[in-house]
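Here's the letter readout for the chains.
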Amino acid sequence: MEVDLEIELEVDRRCVERETQFTLVGKILAEKIMNKIGVMGVLQSTWSTKKVKVIKELGVNLYAISFWNKQSMEDAQEKGPWSVMGYCLNLKK
């Protein structure tokens, strides 16, 4: 006998907002799939650990970049455009 199992997750919106308030999503504008290790290396060398808390891969050529504070996040947005391995990196809030 097969039983359907449904799991409902609760989200604490305040926690999500707090953790993502200084996060940008970066899309590498390339038709090919970029090497994740190479991209992570370039992104980590672009911004120091004093400015960036964490970088996570979200999908193909798509990354979340979480900054420690608003000023660092705004600097990253304003000082672009950024280049990763010869391709444009588009940053959005």
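Details of the structure are given in the entry above.
All of the points below concern the structure found in this document. Nothing here was measured: the structure is a model prediction, and the numbers come from that model.

Some thoughts on the pairing of strand β3 (residues 62–67)
And step 1. Burial runs high along β3: five of the six residues are buried.
And step 2. Alignment of strand β2 (residues 52–59) against β3, held across six bridges, turns out to be antiparallel. Paired with Val54 across the two strands is Ser66, which belongs to β3.
And step 3. The turn joining β2 and β3, which pair antiparallel and follow one another in sequence, is formed by two residues; a positive phi near 60 degrees is taken by Asn61.

Points about the nonpolar core
And step 1. One finds Ile28, Leu43, Trp47 and Phe67 to be the most contacted residues of the largest nonpolar core, which totals 18 residues.
And step 2. Counting only elements with at least two residues in this core, the list comes to β1 (23–28), α2 (36–46), β2, β3, α3 (70–78) and β5 (87–92).

Comments concerning the side chain of Asn61
And step 1. By the element assignment, Asn61 lies in the loop between β2 and β3.
And step 2. For Asn61, a relative accessible area of 3% translates into the label buried.
And step 3. Of the polar contacts made by the side chain of Asn61, one reaches the backbone oxygen of Lys32; its length is 2.8 Å.
And step 4. If sequence neighbours within four positions are ignored, Asn61 has contacts with Gly26, Lys27, Ile28, Ala30, Lys32, Ile33 and Met34.

Quick notes on unusual backbone geometry
And step 1. Cis geometry is adopted by the peptide bond preceding Pro81, which originates at Gly80 and carries an omega value of 5 degrees.
And step 2. Tracing the backbone through its elements, the reader meets Pro81 in the loop between α3 and β4 (82–84).
And step 3. Backbone geometry places Asn61, a non-glycine residue, at a positive phi of 60 degrees.
And step 4. Notably, Met85 is not glycine yet its phi reads approximately 55 degrees, a positive angle.
And step 5. Tracing the backbone shows Met85 in the loop between β4 and β5.
And step 6. Classification of Met85 as partly exposed rests on a relative accessible area of 43%.

Let's talk about the pattern of salt bridges
And step 1. If you walk through the whole model with that rule in mind, you get three salt bridges.
And step 2. The residue Arg14 makes a salt bridge to Asp12 at a minimum N-O spacing of 3.9 Å.
And step 3. Classification of Asp12 by relative accessible area gives partly exposed; the value is 42%.
And step 4. Here Lys70 ties to Glu74 by a salt bridge, and the two come within 3.8 Å at their closest N and O atoms. Separated by four residues within a single helix, Lys70 and Glu74 lie in helix α3, roughly one turn from each other.
And step 5. Residue classification places Glu74 among the partly exposed residues on the basis of a relative accessible area of 25%.

What counts and how
Note on numbering: residues in each chain are counted from 1, in written sequence order. Local features in this predicted model are restricted to residues of pLDDT 70 or higher, and side-chain atom pairs are both shown and tallied only at a pLDDT of 80 or more, whereas totals for entire chains, interfaces and linings draw on every residue. Values reported for side chains reflect all heavy atoms of the structure, with hydrogen atoms and water molecules removed beforehand. The classification of residues rests on relative accessible area computed with a 1.4 Å probe and restricted to protein chains. Under 20% of the type maximum is buried, over 50% is exposed, and intermediate values are partly exposed. Starting at the N terminus, helices and strands are each numbered in turn, a helix being any DSSP run of H or I of at least four residues and a strand any DSSP run of E of at least two. Strands are labelled as partners when DSSP assigns at least two bridges between them. Among the buried residues, those of types Ala, Val, Leu, Ile, Met, Phe, Trp, Tyr and Cys that are joined through side-chain atoms within 4.5 Å form a nonpolar core. Residues adjacent in sequence count toward polar contacts only when both atoms are side-chain atoms; beyond that, a polar contact is any pair of N or O atoms within 3.5 Å, and within protein one must be able to donate a hydrogen and the other to accept it. Note on contacts: a residue pair qualifies if any of its non-hydrogen atoms lie within 4.5 Å across the two residues. A pair is scored as a salt bridge if a Lys or Arg side-chain nitrogen falls within 4 Å of a carboxyl oxygen belonging to Asp or Glu.

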